[in-house]
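Structural overview for review
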Amino acid sequence: MDQPLLAADPKAEIRVEVAKLCARFPGEYWRKLDAERRYPSEFVAALTEAGYLSVLIPESYGGSGLGLSAAAAILETIQEQGCNGAACHAQMYIMGAILRHGSEAQKQAYLPGIASGALRLQAFGVTEPTSGTDTTALRTFARREGDEFVVNGQKIWTSRAEHSDLMLLLARTTPRDQVAKKTEGLSVFIVDMRKALGHGLAIRPIRTMMNHNSCEVFFDNMRIPADSLVGQLDRGFRVILDGMNAERLLIAAECVGDAKWFIAKSVAYANERQVFGRAIGKNQGVQFPIARAYAQMRAAELMVREGCMKFEAGLPCGPEANMAKLLAAEASWAAAEAAVQTHGGFGFAEEYDVERKFRETRLYQVAPISTNLILSYLAEHVLGLSRSY
Ligand SMILES: Cc1cc2nc3c(=O)[nH]c(=O)nc-3n(C[C@H](O)[C@H](O)[C@H](O)COP(=O)(O)OP(=O)(O)OC[C@H]3O[C@@H](n4cnc5c(N)ncnc54)[C@H](O)[C@@H]3O)c2cc1C
């Protein structure tokens, strides 16, 4: 496939190295995990050992201090090679909350351990069963008691909770009816799950369409030290918002990688599969959906790059981050659809990996932010239309 920008891509070397690592984890590896709903511990360990999960951590805390575009190139390549970065992508961006808002003591306590792989910060507890997209309606409450906070409530869809040592938790610290704005009264905590498990913290995995290791998490008088608070009390919503552009751009990069995988797979199959005595790829009905997905992917790729450049320059990039996520999730889904159709019956056979990747990439229309909410953001904040909810 034509790769016009790759030659000029300053991350080309990273992509080559990540692709080599991914080659050690072929389709059979992911298929087996998928069937057993197991976590890709070996893959995550290899990425950690190679330093790829700590690229955003500054060198002074043991990381390599690279920019967001390096992280995006890593995640995109993982997906493009048919692997799944969802097992560990959050580690790249959740730590940004500690980096930007944590105390020096918290940075020293956590960042070097995260960079070396000694500590896993994979779990991000925001969504609750009753609040859903309306984050400020969350009910989990952290009550100050002496030099501790006592946490009660429940989270849902806390991915990787069973495979993480730490959790970044958003909880209410002042009741919603006692704050002027509903975004106030929320606080962020860094929870050491190793200490809390069985002492007020319980985790229950949810079986999902794809192998995603997502969980329900229950807090029953879970006691955490007062110095677990990240940033200011009651100002936690800002801490979470600050990390969202990075999260959206990185997930968008993953979707671009997924789209590239589906497109490459479709082109190869369309050229090889002979029906009616000719390659199916000679038919425009087979070509066009793949070509359309390719155009969508390239548009999304450019938006990811624009967003990353602005992010790295310290410029506001909310619109680009949101549009990148929207376009990329749509491109990966269009490419997934085209891949199943191109493969015909074999698109449903596990050994082709198309059906697995199809299930995996569907998530990104819904999480970590649904397409509707991105459109609402653009309508309101970019176009100046009225808020619809
Ligand atoms: C596999 C998986 C992993 C996840 N991992 C995490 C995680 O690690 N941590 C975490 O905190 N959360 C996680 N999530 C949660 C995810 O972010 C939410 O599912 C998502 O934000 C949507 O919330 P909801 O499922 O409650 O949907 P709801 O809020 O109930 O929405 C349902 C539908 O209604 C639409 N909708 C709602 N309000 C509006 C509106 N005003 N205008 C237009 N449409 C609207 C939504 O777009 C959606 O399509 C994960 C979810 C999944 C499925």
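Presented here is a report on the structure given in the accompanying data block. Note that the structure is predicted; figures quoted are calculated from it, not measured.

1. A short note on the site of the ligand
The full set close to the ligand counts 19 residues, and Phe124, Thr127, Thr133, Trp157 and Ser370 are the nearest of them. Ser159 places a side-chain nitrogen or oxygen 2.8 Å from a nitrogen atom of the ligand. Protein burial of the ligand: of its 970 Å² of free accessible surface, 67% is covered by the chains. Mapped by element, the contributors of at least two residues to the shell around the ligand are β3 (148-159) and α12 (371-382). Considered class by class, the residues forming the shell around the ligand number 10 nonpolar, 8 polar and 1 charged.

2. Considering unusual backbone geometry
The peptide bond linking Ala367 to Pro368 adopts the cis configuration, its omega dihedral lying at 5 degrees. Following the sequence through the fold, Pro368 ends up in the loop between α11 (354-362) and α12. Of note in the backbone geometry, Asn221 takes a positive phi value of approximately 50 degrees without being a glycine. Position of Asn221 among the secondary structure elements: in strand β7 (residues 214-225). With a relative accessible area of 44%, Asn221 lands in the partly exposed category. Although it is not a glycine, Phe276 adopts a positive phi angle of roughly 55 degrees. The residue Phe276 is located in the loop between β9 (274-275) and β10 (278-279) in this model. Note on Phe276: relative accessible area 81%, which makes it exposed.

3. Notes on the nonpolar core
Across soluble globular proteins, nonpolar side chains have a tendency to be buried as a group. Among the nonpolar cores identified, the biggest contains 93 residues, and Phe43, Ile78, Met92, Ile114 and Leu250 are the most heavily contacted of them. Residue contacts for Phe43: discarding those within four places in its chain leaves Leu21, Cys22, Phe25, Tyr29, Trp30, Ile78, Cys83 and Asn84. Ranked by size, the runner-up nonpolar core spans 20 residues in total, among them Phe149, Phe189, Cys215 and Val217.

4. Side note on the side chain of His343
Relative to the elements of secondary structure, His343 occurs in helix α10 (residues 318-343). Residue classification places His343 among the buried residues on the basis of a relative accessible area of 3%. If we skip the residues at most four places from it in the chain, His343 touches Lys265, Ser266, Tyr269, Tyr352 and Val354.

5. Comments concerning empty space enclosed by the protein
Here the idea is plain: a probe the size of a water molecule rolls over the atoms and shows the empty space left. Using the criterion set out here, one finds 4 cavities of 30 Å³ or more in the structure. Volume-wise, the largest cavity comes out at about 100 Å³. Looking at the largest cavity, the residues that line it are Trp30, Leu33, Asp34, Pro40, Asn84, Ala86, Ala87, Asn211, His212, Asn213, Arg356 and Glu360. Where the lining of the largest cavity is concerned, the elements lending two or more residues are α2 (27-36) and α11. Here the residues of the lining of the largest cavity are counted per class, giving 5 nonpolar, 4 polar and 3 charged. What lines the second largest cavity is simply Tyr93, Ile94, Ala97, Arg100, Phe124, Leu168, Val239, Ile240, Gly243, Met244 and Glu247.

6. A few points about the pattern of salt bridges
Enumeration over the complete set of coordinates arrives at 29 salt bridges. Asp258 is the salt-bridge partner of Lys357, the closest N and O atoms lying 2.8 Å from each other. Here Lys357 is found in helix α11, whereas its partner Asp258 is found in helix α8 (residues 236-272), with 99 residues between them in sequence. Using a relative accessible area of 1% as the deciding quantity, one classes Asp258 as buried. Notably, a salt bridge pairs Arg356 with Asp353, separated by 3.6 Å at the nearest N-O pair. The pair Arg356 / Asp353 is uniform in exposure class, with both members buried. When salt bridges with common partners are traced through the structure, they connect Asp9, Arg15, Glu76, Lys260, Arg298, Glu301 and Arg305 into a single cluster.

7. Structural notes on the side chain of Lys260
Summarising the element assignment, Lys260 is placed in helix α8. When its relative accessible area of 4% is taken as the criterion, Lys260 is described as buried. A polar contact is formed between the side chain of Lys260 and the side chain of Glu76, at a distance of 2.7 Å.

8. What to know about the packing of aromatic side chains
Summed over all chains, the structure comprises 9 aromatic pairs. For the pair Trp261 and Phe262, a centre-to-centre distance of 5.2 Å together with 80 degrees between the ring planes defines the contact as edge-to-face. Comparing Trp261 with Phe262, the two get one shared label, buried. Summarising the aromatic geometry, the rings of Trp333 and Phe358 are spaced 4.7 Å apart at their centres and angled 40 degrees between planes, so their arrangement reads as tilted. With Trp333 in helix α10 and Phe358 in helix α11, the pair connects residues that are 25 residues apart, well separated along the chain. Trp333 gets classed as partly exposed once you look at its relative accessible area, which sits at 23%. Chaining the aromatic ring pairs together yields one cluster made of Phe25, Tyr29, Trp30 and Phe43. Residue placement shows Lys357 over the ring face of Trp261; its charged tip is 5.5 Å from the ring centre. The lysine or arginine in question, Arg362, covers the ring of Trp333, its NZ or CZ lying 5.3 Å from the ring centre.

Cut-offs applied
Residues numbered from 1 in each chain as written. Predicted model: local features only at pLDDT ≥ 70, side-chain atom pairs only at ≥ 80, totals over all residues. Heavy atoms only, no water. Near = heavy atom within 4 Å. Polar contact = N/O pair within 3.5 Å; in protein donor to acceptor, adjacent residues only side chain to side chain. Areas by Shrake-Rupley, 256 points an atom, 1.4 Å probe, with all protein chains shown as cover. Helix = DSSP H or I, 4+ residues; strand = E, 2+ residues; numbered from the N terminus. Nonpolar A, V, L, I, M, F, W, Y, C, P; charged D, E, K, R; others polar. Buried < 20%, exposed > 50% of the residue type's maximum accessible area, 1.4 Å probe, protein only. Core = buried A, V, L, I, M, F, W, Y, C linked by side-chain atoms within 4.5 Å. Contact = heavy atoms within 4.5 Å. 1 Å grid on protein atoms, 1.4 Å probe; cavity = no way out; pocket = protein on both sides within 12 Å on 5 of 7 lines; lining within 4 Å. Points joined across faces, edges and corners; volume = space filled by probe spheres on them. Salt bridge = Lys/Arg side-chain N within 4 Å of Asp/Glu carboxyl O. Phe/Tyr/Trp six-rings, centres within 6.5 Å; stacked < 30°, edge-to-face > 60°. Lys NZ or Arg CZ within 6 Å of the ring centre and 35° of its normal.

The analysis is restricted to geometry; functional conclusions fall outside its scope.
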